[in-house]
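# Structural features, examined
Now for the letters of each chain:
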Amino acid sequence: MKTNLCIVILLIGLISCNTNQKNKVASELESSTKDVAQKVEFNEKGYKLMTQKCYLCHFETPDPSKKDQMIAPPMLRVQEHYKPTYPNKIEFVNAIVAIVKNPSLEKTLMPGAAKKFNLMPKLIYDEAELRLIAETIYDYDFGSAPKMNREMSAGTLALNNGEKWILKKESIAQINAIVTKLNSYEASDIEAYNQLGKEIFNDAKTIMLEDAYTGKLFDQIHNFFFSIENNMHTLMSTTSENEAKQQLEALKTKFKEFHNYFE
């Protein structure tokens, strides 16, 4: 009898533990499902705000058939320019919020777009909505649009009727200084590489935003810097020393071509 009673008590204990475990798993699953549902709802709200407030001026992705209708860079391009520099979501959101609330040439990471379309006007948005839009730009999968499509963004470098394009002496001196800096550069840590990327980008931005460069001349300057844009952004944000070294070598190689087209 005692043996039978012990067995019954043991079985009851096992059943109780099993039930508690199932309840725990069910509770965790329900919680996880709610989190996913909330995230989907959150993203959908952000996307709706983006379509309502941003798509008045911005296309979602490049559309070659509407090239002449563009009055601002596509949202995909905004994501491509800012995400490499701000891979951390909070920093990305802060950067987007800052440039929307107070547009400036000093802050922009898209000098080519700023020169082509002018700076966006200062818009008064609800802070919470603006941050939600910025989070959506960070998270949203813009699909299979070609990355940095040259048909929409830039073209092939070309001479000016067989002659090199003439730039201001200050611009040429700035390019020469960049080349010297790249060729003699020795970094001690990854932060130094990141800083180099920022310096190169700021120098490039100064040249691109020069008021004297317009028309076909500006297009060619834009084409050149467009070709090194990813290298600069990656160098600014990478956490890998090997990748930083690769980007440094790529920039050295590409800057060698500058004097083939400009003087």
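What you see is a predicted model, and the numbers here were worked out from it, not measured in a lab.

Let us look at the overall build of the protein chain. Looking only at helices and strands, one finds 11 helices and 0 strands in the protein chain. For the protein chain, the sequential pattern of α-helices and β-strands runs α-α-α-α-α-α-α-α-α-α-α. When burial is assessed residue by residue, the protein chain has 37% of its 263 residues classed as buried. A fraction of 73% describes how many contacts in the protein chain between residues 6 or more apart in sequence connect residues 24 or more apart. Total accessible area computed for the protein chain in this model is approximately 15600 Å², and 53% of it derives from carbon and sulfur atoms.

For the rest of this paragraph, the subject is the environment of Phe 225. In this fold, Phe 225 is placed in helix H9 (residues 215–237). With relative accessibility at 1%, the residue Phe 225 sits in the buried group. Dropping the residues within four chain positions of it, Phe 225 is found in contact with Ile 175, Ala 204, Ile 207, Met 208, Met 232 and Phe 255.

Here we come to helix H7 (residues 169–183). For H7, built from 15 residues, the straight-helix expectation of 21 Å at 1.5 Å per residue is met to within 8% by its first-to-last C-alpha distance of 21 Å. Taken residue by residue, H7 has Ser 171, Ile 172, Ile 175, Ile 178 and Leu 182 as its buried positions. Down the axis of H7, the sector holding all buried residues measures 115°, keeping them to one side. For H7, exposure combined with an orientation more than 90 degrees from the buried face picks out Lys 169, Glu 170 and Thr 180.

Below, the discussion takes up the confidence of the model for the protein chain. Taken residue by residue, the protein chain gives an average pLDDT of 81. The fraction at 70 or more is 79%. In the model of the protein chain, helix H6 (residues 150–153) stands out as the element of lowest mean pLDDT, 42, in contrast to helix H11 (residues 258–261), which has the highest, 95. Scored below 50 in pLDDT, residues 5–41 shows 0 contacts in the model against residues more than four places distant or in partner chains. Segment residues 145–153: pLDDT under 50, and 29 contacts once partners within four positions in sequence are set aside and those in other chains are kept.

Applying the stated criterion across every chain, the model contains 10 aromatic pairs. Note on Tyr 47 and Tyr 55: the rings are 6.5 Å apart at their centroids and 85° apart in plane angle, and the pair reads as edge-to-face. Ring geometry for Phe 224 against Phe 258: centres 5.0 Å apart, planes inclined by 75°, an arrangement best described as edge-to-face. Separated by 34 residues along the polypeptide, Phe 224 in helix H9 and Phe 258 in helix H11 bring together distant segments of the chain. A single burial state applies to Phe 224 and to Phe 258, both of which are buried. Taken together through their ring pairs, the aromatic side chains of Phe 224, Phe 225, Phe 255, Phe 258 and Phe 262 make up a single cluster. Sitting above the plane of the Phe 59 ring, Lys 66 keeps its charged end 6.0 Å from the centroid.

This part takes up the pattern of salt bridges. One pass over the structure, following the stated rule, counts 9 salt bridges. Of the charged contacts in the structure, one is a salt bridge between Lys 53 and Glu 129, with a shortest N-O distance of 3.6 Å. Within this pair, whereas Lys 53 is found in helix H1 (residues 2–53), its partner Glu 129 is found in helix H5 (residues 127–139), the two being separated by 76 residues in sequence. Between Arg 77 and Glu 80 there is a salt bridge, with its nearest N and O atoms 3.0 Å apart. With a gap of 3 residues between them, Arg 77 and Glu 80 both fall in helix H2 (residues 75–82), about one helical turn apart. With a relative accessible area of 3%, Arg 77 lands in the buried category. What emerges from the salt-bridge pattern is a single network uniting Lys 101, Glu 127 and Arg 131.

How each quantity is defined
- Residues numbered from 1 in each chain as written.
- Predicted model: local features only at pLDDT ≥ 70, side-chain atom pairs only at ≥ 80, totals over all residues.
- Heavy atoms only, no water.
- Helix = DSSP H or I, 4+ residues; strand = E, 2+ residues; numbered from the N terminus.
- Buried < 20%, exposed > 50% of the residue type's maximum accessible area, 1.4 Å probe, protein only.
- Contact = heavy atoms within 4.5 Å.
- Areas by Shrake-Rupley, 256 points an atom, 1.4 Å probe, with all protein chains shown as cover.
- Expected span 1.5 Å × (residues − 1).
- Arc of directions from axis to C-beta.
- pLDDT = per-residue confidence, 0-100.
- Phe/Tyr/Trp six-rings, centres within 6.5 Å; stacked < 30°, edge-to-face > 60°.
- Lys NZ or Arg CZ within 6 Å of the ring centre and 35° of its normal.
- Salt bridge = Lys/Arg side-chain N within 4 Å of Asp/Glu carboxyl O.

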